Amino acid sequence: YELTKKALLEKEQRNPSMFLTVKGNNKKNLIGQMVIKGKISSSASVATYKDVALKLDFFSKTKALLESDEETIFVEIKPGEGEDFKTKYFAPKGTDSVAISIKGAKVVQQ
């Protein structure tokens, strides 16, 4: 059991983006900022992740990529759990939608 657990932990540590998912939505506020709310969830069995790096891609109505940014969400996500987040951006002119993806995360050492 311990060997299996250790092998699983090593796999989860090597590739956090395989075990983390993000879902979110966005809207503009009164001062023109893009407000992005979402949830980061972990499907890991052993590893606890923190400081999750997100990639934000801003698209126009015609699906042209206007800009890409990175945002770090400073939370700790235990195995099988999730954390909500909210961030604000002055999005590029013409932004219609934002795609969010996991770029990486640090692993909390046990």
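Here, every reference points to the structure presented above.
Conventions adopted
Residues numbered from 1 in each chain as written. Predicted model: local features only at pLDDT ≥ 70, side-chain atom pairs only at ≥ 80, totals over all residues. Heavy atoms only, no water. Pairing = 2+ DSSP bridges. Helix = DSSP H or I, 4+ residues; strand = E, 2+ residues; numbered from the N terminus. Axes fitted to C-alpha atoms, helices over the stretch in contact; angles between N-to-C directions. Core = buried A, V, L, I, M, F, W, Y, C linked by side-chain atoms within 4.5 Å. Buried < 20%, exposed > 50% of the residue type's maximum accessible area, 1.4 Å probe, protein only. Contact = heavy atoms within 4.5 Å. Salt bridge = Lys/Arg side-chain N within 4 Å of Asp/Glu carboxyl O.

K.L.:
Explanation requested: the sheet that holds strand β6 (residues 97-108) in the structure shown.
P.N.:
For sheets, the rule is that strands pair by backbone hydrogen bonds, running either parallel or antiparallel. With antiparallel pairing, the 3 strands of this open sheet are ordered in space as β4-β3-β6. Strands with a single pairing partner mark the edges of an open sheet, and in this sheet they are β4 (65-77) and β6. Put simply, the sheet's adjacent strands are angled 20° from each other on average, direction ignored.

K.L.:
I'm lost on the nonpolar core in this one. Help?
P.N.:
Across soluble globular proteins, nonpolar side chains show a tendency to be buried alongside one another. Grouped together as the largest cluster of nonpolar side chains are 25 residues, with contacts concentrated most on Ile 36, Ile 40 and Leu 54. Among the elements of the structure, β1 (20-28), β2 (34-42), β3 (48-59), β4, β5 (82-89) and β6 are those that each provide at least two residues to this core. Counting residues per element, this core draws most heavily on β3, which supplies 5 residues. When sequence neighbours within four positions are dropped, the list of residues in contact with Ile 36 reads Asn 25, Asn 26, Leu 56, Phe 85, Lys 86, Thr 87, Tyr 89, Val 98 and Ile 100.

K.L.:
Would you mind going over the pattern of salt bridges with me for this structure?
P.N.:
A side chain with one charge may pair with a side chain of the opposite charge, provided their charged atoms come close. One pass over the full model with this rule turns up 4 salt bridges. Asp 51 is the salt-bridge partner of Lys 106, the closest N and O atoms lying 3.8 Å from each other. Taken together, the residues Lys 106 in strand β6 and Asp 51 in strand β3 connect sequence positions 55 residues apart. A salt bridge links Lys 78 to Glu 76; the shortest N-O distance between them is 3.7 Å. The exposure class of Lys 78 is partly exposed, given its relative accessible area of 41%.

K.L.:
For this particular structure, what's the right way to read unusual backbone geometry?
P.N.:
Peptide bonds are, in most cases, trans, and in most cases residues other than glycine have a negative phi. With a phi angle near 45°, Asp 51 is a residue other than glycine that sits in the positive phi range. In this structure Asp 51 comes out as buried when scored by relative accessible area, which is 18%. Phi angles above zero are rare outside glycine, and Lys 63 is one such case at about 70°. Inspection of the secondary structure assignment puts Lys 63 in the loop between β3 and β4. Since its relative accessible area comes to 56%, Lys 63 is described here as exposed.

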